[in-house]
Amino acid sequence: MASSYEPAGVTDAPAAGAETEPTSLFLRACRGLPAERTPVWLLRQAGRYMPEYRAFRERHSMLELIHSPELAAEVTLLPVDAFGVDAAIVFSDILPPLVGMGLELEFVQGEGPVISNAISSPRDVDLLGTPPAEETMAGTLGAIALVRRELEPRDVPVIGFAGAPFTLASYAIEGGSSRDFSRTKAFMLSEPAAWRRLLTKLVTVQADYLLAQVRAGAEALQVFDSWAGRALGREDYLRYVAPANRDLYAATSEAGVPVINFSLGVSAYLGEAAACGGDVVGLDWALPLDEAWERVGFDRPVQGNLDPAALLAPWRELRHRIDDVLDRAGGRPGHVFNVGHGLVPQTPPDHVRHLVEHVRERTSS
Ligand code: CP3
């Protein structure tokens, strides 16, 4: 198959039209509709804990996998085939869209992502481009189309995703992962106008990318704001981040598919972070699920929120913690079972298998 993205004509129906009731468990829960049982998928479900994934990575770099529609589709399907999760998330990363803007990205073994020409001045911000996703992220869009074709007969939806403006800005400014986000915060506080221009450009690029993923076949979207909650107190969040998040969610609300707002580490201002937008609120593992759901409002579907470290515990303890999350969800419609942050590489694949089976059995009516 050509590696350029072709609008694949996956289906003649409009992408997951808001008027028709979805049949898949995951999409039903995302709309707050009753479902036969609780759907389950897991953040970073296709990753290094899977021997099959490590085999792909021995032969291909991270960016090779991401930019090949066929390889990315194969990796995306690994956990669906192995464990029967109820949704696929396209195999990619939040950072490759930065490359189209002019940043140089590498995934370095043992170190994670590295951006060699990080932003350090307002002029750097003004030099960033905002090209369309169809030009820069064709591999991921093609992978979504392939996965959709494969999973549509099984009624398993494919989720597209993007990073939120603060999280992406932090990588663009720090040049990689950071402990204290000091460069990012120094830039934000010393160059507030350039900061706003940077976030505006990121919103433009990410909104376009998310909508392109829906055109390619994504039936839900997730926005990852991994670091704003760790880096900023409430007042700074409201002043420097929330307006951009609101713009991003407003733009994606036109997509006609559910959007999951996953803001990590925001327990100090969960209500404010959730109020930025999105149909479903992704919960991290910091608060018990019922307490977090109450703060978000029980009328809003939620996703979460097992601590991924629980998968490192013996099965008895893991099962107890899965049951705790399910008990706190209390059988209300609108719960998607998930971990509250990505699975770690040490996770035993058998624990993932048992988790998925257990959620399925415990919640089947
Ligand atoms: O969830 C999935 O299965 C889909 C794929 C996915 C990846 N990254 C694959 C990946 C998704 C949704 C992401 C999102 C992502 N990437 C986030 C937001 C979620 C979060 O974890 O907070 C962030 C902050 C990143 C940035 C990133 N990518 C870092 C910091 C690292 C290095 C640390 C690490 O976990 O390896 C990555 C690399 C990465 N992204 C890997 C995978 C499978 C490991 C790469 C490898 O094979 O070596």
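Placed above this text is the structure.
How each quantity is defined
Residues numbered from 1 in each chain as written. Predicted model: local features only at pLDDT ≥ 70, side-chain atom pairs only at ≥ 80, totals over all residues. Heavy atoms only, no water. Helix = DSSP H or I, 4+ residues; strand = E, 2+ residues; numbered from the N terminus. Rg over C-alpha atoms; globule rule 2.2 N^0.38 Å. Buried < 20%, exposed > 50% of the residue type's maximum accessible area, 1.4 Å probe, protein only. Areas by Shrake-Rupley, 256 points an atom, 1.4 Å probe, with all protein chains shown as cover. 1 Å grid on protein atoms, 1.4 Å probe; cavity = no way out; pocket = protein on both sides within 12 Å on 5 of 7 lines; lining within 4 Å. Points joined across faces, edges and corners; volume = space filled by probe spheres on them. Nonpolar A, V, L, I, M, F, W, Y, C, P; charged D, E, K, R; others polar. Pairing = 2+ DSSP bridges. Right-handed = clockwise from strand over helix to strand, strands pointing away. Core = buried A, V, L, I, M, F, W, Y, C linked by side-chain atoms within 4.5 Å. Contact = heavy atoms within 4.5 Å. Axes fitted to C-alpha atoms, helices over the stretch in contact; angles between N-to-C directions. Left-handed = near helix turned anticlockwise from the far one by under 90°. Salt bridge = Lys/Arg side-chain N within 4 Å of Asp/Glu carboxyl O. Expected span 1.5 Å × (residues − 1). Polar contact = N/O pair within 3.5 Å; in protein donor to acceptor, adjacent residues only side chain to side chain. Disulfide = S-S within 2.5 Å.

Draft legend 1. Spatial organisation of the overall build of the protein chain. Within the protein chain one finds 17 helices and nine strands. For the protein chain, whose C-alpha radius of gyration is 19 Å, the value lies close to the compact-globule estimate of 21 Å for 365 residues. C-alpha atoms of the protein chain, sized along the principal axes, occupy 60 × 50 × 45 Å. For the protein chain, the proportion of its 365 residues judged to be buried stands at 55%. Carbon together with sulfur atoms contributes 49% to the accessible area of the protein chain, which is approximately 15,200 Å² in total.

Draft legend 2. Structural view of empty space enclosed by the protein. Applying the stated criterion to the full structure yields one cavity of 30 Å³ or more. Approximately 80 Å³ is the volume found for the largest cavity. Together, Ser-263, Gly-265, Val-266, Ser-267, Leu-270, Gly-282, Leu-283, Asp-284, Leu-287, Ala-292 and Asn-305 line the largest cavity. By residue class, the composition of the lining of the largest cavity is five nonpolar, five polar and one charged.

Draft legend 3. The arrangement of the pairing of strand 9 (residues 335-339) in detail. Burial analysis of strand 9 places five of its five residues in the buried class, which makes it a mostly covered element. Residues His-335, Phe-337 and Val-339 point to one face of strand 9 and Val-336 and Asn-338 to the other, with burial holding for every one of them. As judged from the five bridges shared by strand 8 (residues 302-306) and strand 9, these two strands associate in the parallel manner. The residue bridging Val-302 from the neighbouring strand is His-335, located in strand 9. Crossover handedness for the path strand 8 to helix 16 (residues 315-329) to strand 9: right-handed.

Draft legend 4. Region of interest: the nonpolar core. Of all hydrophobic cores here, the largest spans 129 residues; its most connected members are Phe-26, Leu-306 and Leu-355. When residues in this core are grouped by element, the largest group, 13 residues, is from helix 11 (residues 192-216). The residues contacting Leu-355, other than those within four sequence positions of it, are Val-40, Leu-42, Leu-306, Leu-311, Trp-315, Ile-322 and Phe-337.

Draft legend 5. Quick peek at unusual backbone geometry. Asn-305 follows Gly-304 through a cis peptide bond whose omega is -15 degrees. Positive phi, normally seen in glycine, also occurs at Asp-155, with a value near 55 degrees. For Asp-155, the location among the structural elements is in the loop between helix 8 (138-151) and strand 4 (158-163).

Draft legend 6. Highlighting the packing of helix 9 (residues 165-174) against helix 11. Where helix 9 contacts helix 11, the axes come no closer than 9 Å and their chain directions differ by 115 degrees. Our pair here, helix 9 against helix 11, has a crossing hand that is right-handed. Listed contacts from helix 11 to Pro-165, Phe-166, Leu-168, Ala-169 and Ile-173 of helix 9 are Trp-195, Leu-198, Leu-199, Leu-202, Val-203 and Gln-206. When the residues that make up the contact of helix 9 with helix 11 are grouped by side-chain class, the tally is ten nonpolar, one polar and no charged.

Draft legend 7. Local environment of the pattern of salt bridges. In this structure the tally under the stated criterion is 15 salt bridges. A salt bridge links Arg-37 to Asp-86; its shortest N-O distance comes to 3.0 Å. Separated by 49 residues along the polypeptide, Arg-37 in the loop between helix 1 (25-30) and helix 2 (51-59) and Asp-86 in the loop between helix 4 (69-83) and strand 1 (88-89) bring together distant segments of the chain. Using a relative accessible area of 10% as the deciding quantity, one classes Asp-86 as buried. Between Asp-323 and Arg-362 there is a salt bridge, with its nearest N and O atoms 3.0 Å apart. Of this pair, Asp-323 sits in helix 16 while Arg-362 sits in helix 17 (residues 349-363); the two residues are 39 residues apart in sequence, bridging distant segments of the chain. Here Asp-323 falls in the buried class, since its relative accessible area comes to 16%. According to the relative accessible area criterion, Arg-362 is partly exposed, its value standing at 37%. Within the structure, one salt-bridge network assembled from shared partners comprises Asp-81, Glu-150 and Arg-154.

Draft legend 8. Geometry of helix 16. Between its first and last C-alpha atoms helix 16 spans 21 Å; for 15 residues at 1.5 Å apiece the expected length is 21 Å, and the two agree. Looking at the buried positions of helix 16, the neighbouring elements they touch are helix 15 (289-296), strand 8, strand 9 and helix 17. Following helix 16 by one or two positions, Gly-330 has its phi on the positive side, about 65 degrees.

Draft legend 9. Quick peek at the side chain of Thr-167. As for its position among the elements, Thr-167 is in helix 9. A distance of 2.6 Å separates a polar atom in the side chain of Thr-167 from a polar atom in the side chain of Asp-225. The residues touching Thr-167, leaving out its near neighbours within four places in the chain, are Ile-94, Phe-224, Asp-225, Ser-226, Trp-227 and Ala-228.

Draft legend 10. Fine view of the state of the cysteines. Scanning the entire structure with this criterion turns up zero disulfides. You can see Cys-30 has no disulfide; the closest cysteine sulfur is in Cys-276, sitting 19 Å from it. Classification of Cys-30 as buried rests on a relative accessible area of 4%. For Cys-276, a relative accessible area of 6% gives the class buried.

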